[in-house]
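# Examination of the molecular architecture
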Amino acid sequence: MRVEERPAAASTTSTTTPTPVEQPTTGPAKGFELAAFTHPTTVDNTWFPLVPGTHMVYRGETIEDGEKIPHRVELTVTDLTKTVAGVESVVILELDYTRDTLEEAELAMFAQADDKTIWHLGQYPEVYEDGELVETPAWVHGVKGAQAGITIREDDQPGDPSYSQGWGPEIGWSDRARVIKVDQRTCVEAGCYDGVKVTEESSEDEPGALQHKYYAPRVGGVRVGWAGNDPTKETLELVSVETLDAAALAKTRAAALKLEKSAYQHSKDVWGTTAPAR
């Protein structure tokens, strides 16, 4: 598998960047408004670029009952988009494996505002046990009190307030993040990266459990670590990043649409309220 730095998407936004909305320290994020999105699927945020066909593989481990368990995540930027509350978003397909067994498949939606803030509009995960579907804790902006959240902002610095990464009260989704370090260097299997920004994520449902995410410029996430009393102590590092050819991208698109078909069957009251991906 070829390792490369993925290119940033071509920008069509204005050279004048709007000022980000000041965020509350608790509860849902503010500023998710249709007027804030001129070209929402042109995602060229320095820390979270989304180019269709980008395929990233991460490997690491979690701790379960005192045992280290091998863990692999495959993330692919599809060429599908999905519209929620009038905002068109990029659809990501993420596959989560434990000991090479698929334990979770997920569709997630992201859109970039004119100030280059990356917004997370919702997600549909399928969780499996012994090959059987056991739960689908989906949330979508505007459905059952859920609100879009911020994945990352372009210019945040250490000391800036935290921000909500999404608000899904029906399923206990209350993740928040803040920047804790900038201009870092980190080395993973895929290579060494300079100018890395590190965020710290937390959740109201897991007080004291912290997750650290490392974002390399024009690449995206390259490492995941933990702090505090996180019981799983999940770690991940980027192993490879490549651009899929047309045939592989078509295969990924088909897999994403198959998962969405399942979503309409198993999440009728949440995902079923949305227009189909296209």
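Preceding block: the structure.
Please read these numbers as outputs of a predicted model, since none were measured by experiment.

### Looking at a negative patch on the surface
Residues Glu-64, Asp-65, Glu-103, Glu-129, Asp-130, Glu-132 and Glu-135 make up a contiguous surface patch of negative charge. Take Glu-103: it is sitting in strand 4 (residues 101-112).

### A closer look at the environment of His-212
Here His-212 is to be found in strand 12 (residues 209-216). Using a relative accessible area of 15% as the deciding quantity, one classes His-212 as buried. Along the chain, His-212 and Ser-202 lie 10 residues apart, while their C-alpha atoms are 9.2 Å from each other. Apart from residues no more than four positions distant in its own chain, His-212 is found in contact with Ile-180, Val-198, Thr-199, Glu-200, Arg-223, Val-224, Gly-225, Trp-226 and Ala-227. Within the structure, the side chain of His-212 is placed 2.8 Å from the side chain of Glu-200, a separation counted as a polar contact.

### Concerning the pattern of salt bridges
With the rule as written, the count across this model stands at 14 salt bridges. Residue Arg-178 pairs with Glu-200 through a salt bridge whose shortest N-O separation is 3.0 Å. Here the residue Arg-178 occupies a position in strand 10 (residues 176-188), and Glu-200 occupies one in strand 11 (residues 191-202), the gap between them amounting to 22 residues. The class of Arg-178 is partly exposed, set by a relative accessible area of 37%. A cluster of three or more residues bridged by salt bridges with shared partners is formed by Arg-72, Glu-74 and Asp-100.

### Some thoughts on the nonpolar core
By size, the foremost hydrophobic cluster in this structure holds 45 residues, and its most contacted members are Leu-50, Trp-119 and Leu-121. Of all hydrophobic cores here, the second largest spans 15 residues; its members include Val-188, Tyr-193, Val-198 and Leu-236.

### Some thoughts on the layout of surface pockets
Considering only enclosed or pocket space, the second largest pocket measures out at about 430 Å³ in volume. Around the second largest pocket, the lining comprises 17 residues; the ones closest to its centre are Leu-93, Leu-95, Lys-251, Thr-252 and Ala-255. If you list the elements that add at least two residues to the lining of the second largest pocket, you get strand 2 (67-84), strand 3 (87-98), strand 4, strand 5 (118-129) and helix 1 (246-266). For the lining of the second largest pocket, the element with the highest residue contribution is helix 1, accounting for seven residues. Among the residues forming the lining of the second largest pocket, the class breakdown is nine nonpolar, four polar and four charged.

The rules behind these values
- Residues numbered from 1 in each chain as written.
- Predicted model: local features only at pLDDT ≥ 70, side-chain atom pairs only at ≥ 80, totals over all residues.
- Heavy atoms only, no water.
- Patch = residues over 30% accessible without salt bridge, like charges linked within 9 Å, V, L, I, M, F, W, Y side chains within 5 Å.
- Areas by Shrake-Rupley, 256 points an atom, 1.4 Å probe, with all protein chains shown as cover.
- Salt bridge = Lys/Arg side-chain N within 4 Å of Asp/Glu carboxyl O.
- Lys, Arg positive; Asp, Glu negative; His and termini not counted.
- Charge placed at Lys NZ, Arg CZ, Asp CG, Glu CD.
- Helix = DSSP H or I, 4+ residues; strand = E, 2+ residues; numbered from the N terminus.
- Buried < 20%, exposed > 50% of the residue type's maximum accessible area, 1.4 Å probe, protein only.
- Contact = heavy atoms within 4.5 Å.
- Polar contact = N/O pair within 3.5 Å; in protein donor to acceptor, adjacent residues only side chain to side chain.
- Core = buried A, V, L, I, M, F, W, Y, C linked by side-chain atoms within 4.5 Å.
- 1 Å grid on protein atoms, 1.4 Å probe; cavity = no way out; pocket = protein on both sides within 12 Å on 5 of 7 lines; lining within 4 Å.
- Points joined across faces, edges and corners; volume = space filled by probe spheres on them.
- Nonpolar A, V, L, I, M, F, W, Y, C, P; charged D, E, K, R; others polar.

By themselves, these observations are geometric and do not establish any function.
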